[in-house]
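As a plain string of letters, each chain reads:
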Amino acid sequence: MKGASVLVIGSLLVAPSVCAAQSILWKSVGGWSVLMDPSTGNGCYVTIAYEKGTTLRLGFDFSRQQRGIYLAFGNGNWKSLEPGKDYPSEIQFDRSPVWNATAQAIDFGVSIFSPSSRPT
């Protein structure tokens, strides 16, 4: 997945309902919400919140000339993360190859970070 983005939303993560305050809900299915976010050029995304406060968001960012797909995850309890700092990350879906990526801790209200990533 060339040009994928990975976001780590750390101590600045707010409740999912607040993150989605300007988003438009399309549908809720099995604990997942499908929304449209004006701040990402009206890109659609899915999001889910888990028991201990971890939130996952996967969506499209159409706000830039080079459109992208992003994966964001975070938890308000992750106090050690510093906004703007890069973190090495590995992501694996099922038995697919591991992807090495650079994630960045951000305040969800800022623009989506588009780091480079590559499968290993």
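Bear in mind the structure is a predicted one, so any value in this text is a computation, not a measurement. Positions within a chain are numbered from 1, following the residues in the order the chain's sequence is written. Reporting of local features is limited, given that this is a predicted model, to residues whose pLDDT is at least 70; pairs of side-chain atoms are given and counted only at 80 or more, and all residues count toward the totals for whole chains, interfaces and linings. Computation of side-chain values: all heavy atoms of the structure, hydrogens and water removed.

Undergrad: Just to check I follow, could you spell out the overall build of the chain for this structure?
TA: Along the chain, the regular secondary structure elements total one helix and nine strands. Scanning the chain from its N terminus toward the C terminus, one meets helices and strands in the order β-α-β-β-β-β-β-β-β-β. Two residues qualify as a contact provided that any one of their heavy atoms is within 4.5 Å of a heavy atom in the partner residue. Partitioning the contacts of the chain with sequence separation of at least 6, the portion at a separation of at least 24 is 37%. For every accessible area listed, the method is Shrake-Rupley and the probe measures 1.4 Å; residues are considered covered only by the protein chains on display. Surface exposure of the chain reaches about 7,500 Å², of which carbon and sulfur atoms provide 56%. The helix count covers DSSP runs of H or I at least four residues long, the strand count covers runs of E at least two residues long, and both are numbered beginning at the N terminus.

Undergrad: It is not clear to me how a nonpolar patch on the surface should be interpreted in this structure. Could you clarify?
TA: A grouping of Leu-58, Phe-60, Phe-62 and Ile-69 is seen on the molecular surface, where their side chains present a nonpolar patch of about 320 Å² in accessible area. Within the element layout of this structure, Leu-58 appears in strand β5 (residues 55-61). For each residue, the accessible area found with a 1.4 Å probe, counting protein chains only, is set against the maximum for its type, and the residue is called buried under 20%, exposed over 50%, and partly exposed in between. You can call Leu-58 partly exposed: its relative accessible area is 42%. To count toward a patch, a residue needs a relative accessible area above 30% and no salt bridge. Like charges then connect within 9 Å, nonpolar side chains (Val, Leu, Ile, Met, Phe, Trp, Tyr) within 5 Å. When a carboxyl oxygen of Asp or Glu is within 4 Å of a side-chain nitrogen of Lys or Arg, the pair counts as a salt bridge.

Undergrad: Just checking my understanding: could you explain the pairing of strand β6 (residues 68-74) for this structure?
TA: Each regular strand shows side chains that alternate between the opposite faces of the sheet. The element β6 is largely enclosed, with a buried count of five among its seven residues. In this structure, β5 lies alongside β6, joined through seven bridges in antiparallel fashion. Bridge pairing in β6 links Gly-59 to Tyr-70. Note on pairing: two strands pair once DSSP finds at least 2 bridges between them. If you look at the hairpin formed by β5 and β6, you'll find six residues sitting between the two strands.

Undergrad: Sorry if this is basic, but what is going on with the packing of aromatic side chains here?
TA: Geometry of an aromatic ring pair is reported as the spacing of the ring centres plus the angle between the planes. Note on ring pairs: Phe, Tyr and Trp rings are taken, using the six-membered ring of Trp, and paired if centres are within 6.5 Å. Classes follow the plane angle, with under 30 degrees stacked, over 60 edge-to-face and the rest tilted. Under the criterion given, the structure shown has two aromatic pairs. Ring geometry for Phe-60 and Phe-62: centres 5.9 Å apart, planes at 20°, overall stacked. With a centroid separation of 6.1 Å and an interplanar angle of 75°, the aromatic rings of Phe-93 and Trp-99 are classed as edge-to-face. Accessibility expressed as a relative area gives 17% for Trp-99, which makes it buried. One residue, Arg-57, lies across the ring of Tyr-45, its end atom 3.4 Å from the ring centre. Across the ring face of Phe-62, the terminal group of Arg-67 is positioned such that the distance to the ring centre comes to 4.8 Å. Geometrically, a charge over a ring is one whose NZ (Lys) or CZ (Arg) sits within 6 Å of the ring centre while staying within 35 degrees of the ring normal.

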